[in-house]
Amino acid sequence: MKKLTLLALPAAFALALTTTAFAADGKAVYADNCTKCHGEDGKGATKMGVKLGARDYTDATVQASVSDDKAFKSIKEGLKKDDKTLMKASELSDEDIKASVAYMRTFKK
Ligand code: HEC
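Rules used in this analysis
Residues numbered from 1 in each chain as written. Predicted model: local features only at pLDDT ≥ 70, side-chain atom pairs only at ≥ 80, totals over all residues. Heavy atoms only, no water. Axes fitted to C-alpha atoms, helices over the stretch in contact; angles between N-to-C directions. Helix = DSSP H or I, 4+ residues; strand = E, 2+ residues; numbered from the N terminus. Parallel < 35°, antiparallel > 145°, perpendicular 65-115°, else oblique. Left-handed = near helix turned anticlockwise from the far one by under 90°. Contact = heavy atoms within 4.5 Å. Nonpolar A, V, L, I, M, F, W, Y, C, P; charged D, E, K, R; others polar. Near = heavy atom within 4 Å. Polar contact = N/O pair within 3.5 Å; in protein donor to acceptor, adjacent residues only side chain to side chain. Buried < 20%, exposed > 50% of the residue type's maximum accessible area, 1.4 Å probe, protein only. Arc of directions from axis to C-beta.

### Overview of the packing of helix α6 (residues 68-77) against helix α7 (residues 94-105)
Stage number 1. Look at α6 against α7: their axes get within 10 Å of each other, and the N-to-C directions meet at 125 degrees. By the angle between their axes, α6 is oblique relative to α7. At the point where α6 passes α7, the crossing takes the right-handed sense. In this structure, α6 contributes D68, A71, F72, I75 and K76 to the contact, and α7 contributes D94, I97, K98, V101 and R105.
Stage number 2. Of the residues assigned to the contact of α6 with α7, the class counts are five nonpolar, no polar and five charged.

In structure tokens, the structure reads:
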């Protein structure tokens, strides 16, 4: 019985580690894929952001204008305005997209 517990423990530990390693990290995903346009602070004041018209996501009104579902869809499938591509369809996993949107929500003032 004692032997079994000793064996099971490292296995559970390894599992916990793996889960952590694969869990989506919104901040990291955002930093790698979104800051170019939306900026580290979400204000969209980068060169690309200004050029494409990225909005200020510290603004509660801007945040309120986009639902989580809409945000997800726009990132996943891309966003266009007239003929101009604002965001290309993302190759991120669904989980990473949701995590990056959740992180973006933290910019709201
Ligand atoms: C090539 C520049 C670019 C990149 C990279 C980019 N975006 Fe955008 N994004 C825009 C522009 C431009 C808009 C339209 C104006 C706005 O809402 O800021 C937009 C809109 C959005 C919207 C609102 C969508 C809607 O339907 O109104 C969300 C949410 C968003 N981006 C999140 C992200 C996240 C999260 C990432 C990274 C995974 C990302 N964006 C990467 C340029 C970019």
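Now that the structure has been shown, we can carry on.
### So, the site of the ligand
Stage number 1. In the vicinity of the ligand lie 21 residues, with C34, C37, H38, K70 and M87 positioned nearest.
Stage number 2. Taking Y57, its side chain carries an N or O atom lying 2.6 Å from an oxygen atom of the ligand.
Stage number 3. Breaking the shell around the ligand down by element, the ones donating at least two residues are α3 (35-38), α4 (47-52), α6, β2 (84-87) and α7.

### Points about α6
Stage number 1. Among the residues of α6, those classed as buried are A71, S74 and I75. Down the axis of α6, the buried side of the element spans an arc of 95 degrees, and every buried residue falls inside it. More than 90 degrees from the buried face of α6, the exposed residues found are D69 and E77.
Stage number 2. Each element contacted by the buried residues of α6 is listed here: β1 (79-81), β2 and α7.
Stage number 3. A positive phi of about 95 degrees marks G78, the residue just after α6.

Coordinates in, geometry out; function isn't part of it.
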